[in-house]
Amino acid sequence: MHLPARRRPEFDEARIYEYPEHLRASLLDMPAKPGVYIFHAAEGTLPLYIGKSVNLRSRLLSHMRNADEARMLRQAARISFIRTAGEIGALLLEAQLIKQLQPLYNQKLRRNRQLCALRLSEGKPEVVYSRDMDFAIEPDLYGLFGSRTSALQGLRDLADMHKLCYGALGLEKLPKGRACFRAMLNQCNGVCCGRESEADHAARLVSALETLRVAIWPYPGAIGIEETCEDMQQIHVVRNWCYLGSTDTKQAARKLAKVAAGFDADGYKILCRPILTGQARIIPL
């Protein structure tokens, strides 16, 4: 009879949850307001985890009751917080601090990525990189991806969804006039073997890519986004989808607006909808 391998003691210990009494003092002054919170280990070490919430106190209490986070809670020595005037400010500050401080448990967001996108060149999609152009002002870019591999996978997913031909997209090589394997399975409309015209396939490709279009920065320079709550007002300064910082006066915001800014994927994902739909309160700078 096969006997399962004995679990390591430290693995078992990680599954034992005890309420982190040593962190209770950190909650005494924690407000039920928007902001960013930071779990700190011993002095002189990197932060363990950075998060955000529209209600800091409620969110941190949920951390304390989460057995899945027992290991991180045992390592934490204290919790600090930074208030913001609203959710947009909390999202922007969280993304900025994660990139700057590289916390241990924010692995997904702290990875350094080579940002790329898709662009049509002579009717075929190609992968282009943010190191070669400014994504904030470059027109006709589609999708934001962390690597060439993920960009090509995104193109395959789009082809699968819309029955586009891998061969016509440059994802695989095919002898001219020969049907691809997916066409035989009715997963491709058959531009590879003449069942569909090249013009129809190209039109469907453009339509499919449109769902991934990257919006260019819609202003000539920096703007301020104003957020307020009962006891706080902030102006978040943004240019080219890049967050430059927050302040409480328009004069100070104009100084931040002079800082150089390049395209930032996190800022784009946070700000695109509220800016383009008019949900954000915009202040010209």
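Because the structure is a prediction, the values reported are computed rather than measured.

1. A few points about the overall build of the protein chain
Looking only at helices and strands, one finds 11 helices and 10 strands in the protein chain. Relative to the compact-globule value of 19 Å for 285 residues, the protein chain shows a C-alpha radius of gyration of 24 Å, a clear excess of over 25%. The C-alpha extent of the protein chain, read off along each of the three principal axes, is 75 × 70 × 30 Å. The 285 residues of the protein chain split such that 43% are buried. Both charge centroids of the protein chain, one from 40 positive and one from 31 negative side chains, sit 2 Å from each other.

2. Quick notes on the packing of aromatic side chains
Within this structure, the stated rule accounts for seven aromatic pairs. Ring plane angle 85° and centroid distance 6.0 Å describe the contact between Tyr-37 and Phe-39, whose orientation is recorded as edge-to-face. For the residue pair Tyr-37 and Phe-39, the accessibility class agrees, reading buried in each case. Within the aromatic cluster, the residues linked to one another by ring pairs are Phe-135, Trp-217, Tyr-219, Trp-241, Phe-263 and Tyr-268.

3. Comments concerning helix H6 (residues 148-162)
Under the 1.5 Å per step criterion, the end-to-end length of H6 is 21 Å for 15 residues, consistent within 8% with the ideal 21 Å. Of the positions making up H6, those classed as buried are Ala-151, Gly-154, Leu-155, Leu-158 and Ala-159. Summarising the axial view, the buried residues of H6 lie within an arc of 140°, below the 170-degree limit, and thus occupy one face. Facing away from the buried side of H6 by more than 90 degrees, the exposed set consists of Thr-149 and Met-161.

Cut-offs applied
- Residues numbered from 1 in each chain as written.
- Predicted model: local features only at pLDDT ≥ 70, side-chain atom pairs only at ≥ 80, totals over all residues.
- Heavy atoms only, no water.
- Helix = DSSP H or I, 4+ residues; strand = E, 2+ residues; numbered from the N terminus.
- Rg over C-alpha atoms; globule rule 2.2 N^0.38 Å.
- Buried < 20%, exposed > 50% of the residue type's maximum accessible area, 1.4 Å probe, protein only.
- Lys, Arg positive; Asp, Glu negative; His and termini not counted.
- Charge placed at Lys NZ, Arg CZ, Asp CG, Glu CD.
- Phe/Tyr/Trp six-rings, centres within 6.5 Å; stacked < 30°, edge-to-face > 60°.
- Expected span 1.5 Å × (residues − 1).
- Arc of directions from axis to C-beta.

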